[in-house]
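Structural characterization, general
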Amino acid sequence: MTELSGHGGEHAVRALRRFGVREIFTLSGGHIFPFYDAARAQDVRIVDVRHEATATFAAEGMAKLTRRPGVAVLTAGPGVTNGVSAVTSAWFNGSPLVVLGGRAPQGRWGAGSLQEFDHVPVLAPITKHAATVTAVERIGTDVVAATTAALTPHRGPVFLDFPLDVIFATGTGDVPDRPPITGPEPDPDDVHRAAAMLAAAERPALIAGTDLYWAGAWGALRELVETFGVPTFVNGLGRGCLPADHHLAFSRTRGLIKTEADLVVVVGTPLDFRLSFGQFGDAGVVHIVDHPSQRAAHVEVAVSPAGDLTAILEGMASWEGDRRDHTAWIERLRAAEDEAAAAEAALLAAATTPIKPTRVYGELRRVLDRDAVVICDGGDFVSYAGRYVDSFEPGCWLDPGPYGCLGTGLGYAAAARLAHPDRQVVLLLGDGAAGFSLMDVDTLVRHRLPVVIVVGNNGIWGLEKHPMKLLYGYDVAADLQPGCRYDEVVRALGGAGETVTDPSELGDALKRALAADTPYLVNVITDPADMYPRSSNLA
C-alpha cells in the first residue's frame, strides 16, 4: 500500500503500474489529459490511434498477447461509445481489458456540458464491473479493484469513468498493492468423475480453447493428453497451447468427433456454434470451465468441473486407476488427418488466375516462423487461415473470437508489434474488414510499428454474397470495388506495398513484405467465385 498525493491521473496510472502495464492506447481528448500527464511522468508509453475502436481493440490485443491487463483510455461521450463493440468482443473473449473513460464534470451534471453522457448503463451489460469514480482519493483503490476483477476468473473487461472535476483534481489517497489473483477451487469429486470417464473412454477427444490460454495451463494440458493418450483439437487462443506438430494434435478431422468419438472433453471454451452447441453425436461430454458461471445451460453434460484449470487438468492427469489404450483410435485419426492434408496440396499450390485464397496460405506457410504472430480479421479469407495456418506456441494466434466483430486487425497488429518487436507479425485482412480500420496504418507508421498486411481482395462480402445467392437467387449489398488498390492507401499513409495478380509472384511479394521496415500491404486479387466450404451451423 502506498499513499500518493497528486492529480487523478497520477493515482490511476500508479495503480495500473502495479499490474505491469507499460502502455495505454488512446485517441486524444481533453477530458483525459491527466492520464497522459501521468503516463509521461511514469514511463508508460502512449499509443494514440485514429479511432477509439482501434484503441480498445489494441488494448484487448495486448491483453491477449501478454496475459496482463490491456488498457484503453477513451475520452468522454463518443470516445467511450466508439469503443463499445471492442469492449463487447473482449466480453465474449473473457479478455482482461481495462477501459478508463473521461466524463463530464459531476459538479455541473445535468446542465448540458460537452459530451455529457452516462456511460455506465451502456457498459454495465458487457463488463464485469462498470462505475463512476467520484473522488480523487478513491482513484487508486478503485482502479486496483477493477483491474483485479478483470484478471480474476472468469476474466473479462471492466470500465471506470472519471468526471472532469475528479480526474483533474489533486488529493491524497491510497494505491493498494496488487492482490493475489485467485479463482474458485474445483470440486474434487467433479475432477475425479471427469478423470474416470476419460480413463474408461475408448475413443475420446479433447478440445481446448481460450480460457486454457488465459489460465496459462498449457503445461497441464500437455501432461493430461500425453498421460491418457487423447487426440486434441484447439480453437481461439487455445491454438498453439499444444504445438500443431505434436503427435496428439489434430485439426482436419474434427468431423469424426461427431460420428466416432465416445467422449468429448471440452476445456476452457463455451459450447457454442463453433462446437455444434455441445452436440457430438452419441458421445458423452465433459465441460471443464474456469468458473461455475461458464457452465453450459443449454445442453446436458456428464460432468462440468469448474475452477482453476491447471488444478483440474493436473488432478485428472494424476488418476491412478486403470485406463484404456487409445493407440488404435489415434492411428485411425492420424490416417484420416494425413489423408486430408494430402488432399490440400493441390489447393495450396493452385496456379489459377484469379488467385485462389488457398494459394495465399500455401505461400505463407513457407515463410512464417514458428513463433510468428498471425492476426485474422475478416470472413471467408481468414476462415482459410484457420484451416491452413498452424500455431506452435501459445499466444501466437489472434482472431476476433465468437462475437465475430470486424475491425480488430489494425489494433491487434499494433499491440503485437509492441509486445513482440523481434517476431514476424502478419495481419490477414479481408477486403471488407479493411474498410473498418485501414486508416490506422497511419498509427503504425507514426509509432514505427512495421507489420505485414495481406489483403484477400475479392471485391465482395463473400460470407454474405454466396449464401444470399443460394437462398434467393440474387444478392444485394454484397459488392465492393473490384481490384481496389489498398496498397496505394498504405503508401499514401507512409507505408509500402504492392498488388499481386499472378500466383507465381506471391512468394516473393511476401518475402519483400517481411523484410520491410515499415507497414507493408500485399494486396492479393483473389477469385470472387471461390466460396469457403463452411460447415458450422451459426445459429
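As a reminder, the structure under discussion sits directly above these lines.
Below or above, wherever it landed, is the structure these notes cover. (Residues numbered from 1 in each chain as written. Predicted model: local features only at pLDDT ≥ 70, side-chain atom pairs only at ≥ 80, totals over all residues. Heavy atoms only, no water.)

Re the packing of aromatic side chains
Under the criterion given, the structure shown has 11 aromatic pairs. With centroids separated by 6.0 Å and ring planes inclined at 35°, the aromatic side chains of Phe233 and Phe250 adopt a geometry described as tilted. With Phe233 in strand E10 (residues 232-234) and Phe250 in the loop between E10 and helix H12 (255-260), this residue pair connects regions lying 17 residues apart in the sequence. The same class applies to Phe233 as to Phe250, namely buried. By the ring-pair criterion, three or more aromatic residues cluster together here, those being Tyr213, Trp214 and Trp218. A cation sits over an aromatic face here: Arg334 above Phe250, 4.1 Å from the ring centre. (Phe/Tyr/Trp six-rings, centres within 6.5 Å; stacked < 30°, edge-to-face > 60°. Helix = DSSP H or I, 4+ residues; strand = E, 2+ residues; numbered from the N terminus. Buried < 20%, exposed > 50% of the residue type's maximum accessible area, 1.4 Å probe, protein only. Lys NZ or Arg CZ within 6 Å of the ring centre and 35° of its normal.)

Remarks on the side chain of Thr443
Along the chain, Thr443 turns up in helix H19 (residues 441-446). Look at Thr443 and you get buried, because its relative accessible area is 1%. Looking at Thr443, its side chain comes within polar contact range of the side chain of Asp440, at 2.5 Å. (Polar contact = N/O pair within 3.5 Å; in protein donor to acceptor, adjacent residues only side chain to side chain.)

Considerations on the sheet that holds strand E12 (residues 284-288)
What holds strands together in a sheet is hydrogen bonding between their backbones, with the strands either parallel or antiparallel. Pairing in this open sheet of 4 strands is parallel, and the strands run E10-E9-E11-E12 from one edge to the other. Of all the strands in the sheet, the pair left with one neighbour each is E10 and E12. For this sheet, the mean inter-axis angle between neighbouring strands, taken without regard to orientation, is 20°. Pairing analysis gives 5 bridges linking strand E9 (residues 204-208) to strand E11 (residues 263-267), with the strands arranged parallel. Bridging across to E11, Pro204 finds its partner in Leu263. (Pairing = 2+ DSSP bridges. Axes fitted to C-alpha atoms, helices over the stretch in contact; angles between N-to-C directions.)

As for the pairing of strand E5 (residues 97-103)
Buried residues dominate E5, accounting for 7 of its 7 residues. On E5, burial covers both faces: Leu97, Val99, Gly101 and Arg103 on one face and Val98, Leu100 and Gly102 on the other are all buried. Bridge analysis of strand E4 (residues 70-74) against E5 gives 5 bridges, and the strand direction is parallel. Along E5, the bridge assignment pairs Val71 with Val98. Two elements, E5 and strand E7 (residues 158-163), share 6 bridges in a ladder whose sense is parallel. Residue pairing across strands places Gly102 opposite Phe162, the latter belonging to E7.

Keep in mind these numbers describe shape, not what the thing actually does.
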